[in-house]
Amino acid sequence: MVARRPVEDIRRDVCSYVEARCQETAQTIRTGASPSEISEVESTLGVALPSSFRAYLRCANGQHDPAGLRDFTGAGRLLSTTDIISAWCMLRDIDTETRSHTVPELERSPGLTALGPMAPWWRPTLVPFGDCDGNTLCIDVDSSGARPSEEIVWHVHDFGIERGVAPDFHAWLLAVLERLKAGGLRVEPNATGREPGP
């Protein structure tokens, strides 16, 4: 079995790559989170964070990029532990509020109910770590066995959950590094980090 590269090494390579190409973007990357900050995320969200994500947070506690102009991962601004808690609480509250209301038109339309139940818009097992214009990149830490317990998914604010981004945080971060090296992500002043167009 081939040993996986430590997340700390991958993060260091990503940061070195970014720093060599755009100092302003590199300066948005925060220093690591403290053990108490990581524990606060886990206790507030009521989940155990995957070891790869805990290792990442110990090295880099998201980005300080208020304008959102320094995306180098394709996932928007990387969230700090404080931002993770804030985003999770906001999405949980929106979902709770939405579920507490009924939609009378749907209840009176038998043709619409034949479509079956709608997919969930939000799940409390989603841990947001990237914010891209209100869409959040998340780790699904669901341990019920129905889904991989560390899958990376998009929570799209107008749609819901899009699966299949990466099997886990380690794989996602390694893919970011590979895409940076291959030129699939841009690192330059005011770059969005998203794939270049045709």
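For the structure itself, consult the block above.
Residues numbered from 1 in each chain as written. Predicted model: local features only at pLDDT ≥ 70, side-chain atom pairs only at ≥ 80, totals over all residues. Heavy atoms only, no water.

### Observations regarding the packing of aromatic side chains
Move 1: All chains considered together, the criterion is met by 7 aromatic pairs.
Move 2: Summarising the aromatic geometry, the rings of F53 and F169 are spaced 5.0 Å apart at their centres and angled 70° between planes, so their arrangement reads as edge-to-face. With F53 in helix α4 (residues 51–59) and F169 in helix α8 (residues 169–182), this pair connects stretches of sequence that are 116 residues apart. The same class applies to F53 and to F169, which are both buried.
Move 3: Ring centres of F169 and W172 lie 5.6 Å apart, and the angle between their planes is 35°; on these two criteria the pair is classed as tilted. Of this pair, F169 and W172 both sit in helix α8, 3 residues apart, roughly one helical turn. The same class applies to F169 as to W172, namely buried.
Move 4: Feature note: the residues F53, Y56, F129, F169 and W172 constitute an aromatic cluster, connected by ring pairs. (Phe/Tyr/Trp six-rings, centres within 6.5 Å; stacked < 30°, edge-to-face > 60°. Helix = DSSP H or I, 4+ residues; strand = E, 2+ residues; numbered from the N terminus. Buried < 20%, exposed > 50% of the residue type's maximum accessible area, 1.4 Å probe, protein only.)

### Describing empty space enclosed by the protein
Move 1: What the rule picks out here adds up to 1 cavity of 30 Å³ or more.
Move 2: Computed from the structure, the largest cavity encloses a volume of approximately 80 Å³.
Move 3: Around the largest cavity, the lining residues are R11, V14, C15, I29, Y56, A60, G62, Q63, F72, T73, L78 and L173.
Move 4: Along the lines of polarity and charge, the residues of the lining of the largest cavity split into 8 nonpolar, 3 polar and 1 charged. (1 Å grid on protein atoms, 1.4 Å probe; cavity = no way out; pocket = protein on both sides within 12 Å on 5 of 7 lines; lining within 4 Å. Points joined across faces, edges and corners; volume = space filled by probe spheres on them. Nonpolar A, V, L, I, M, F, W, Y, C, P; charged D, E, K, R; others polar.)

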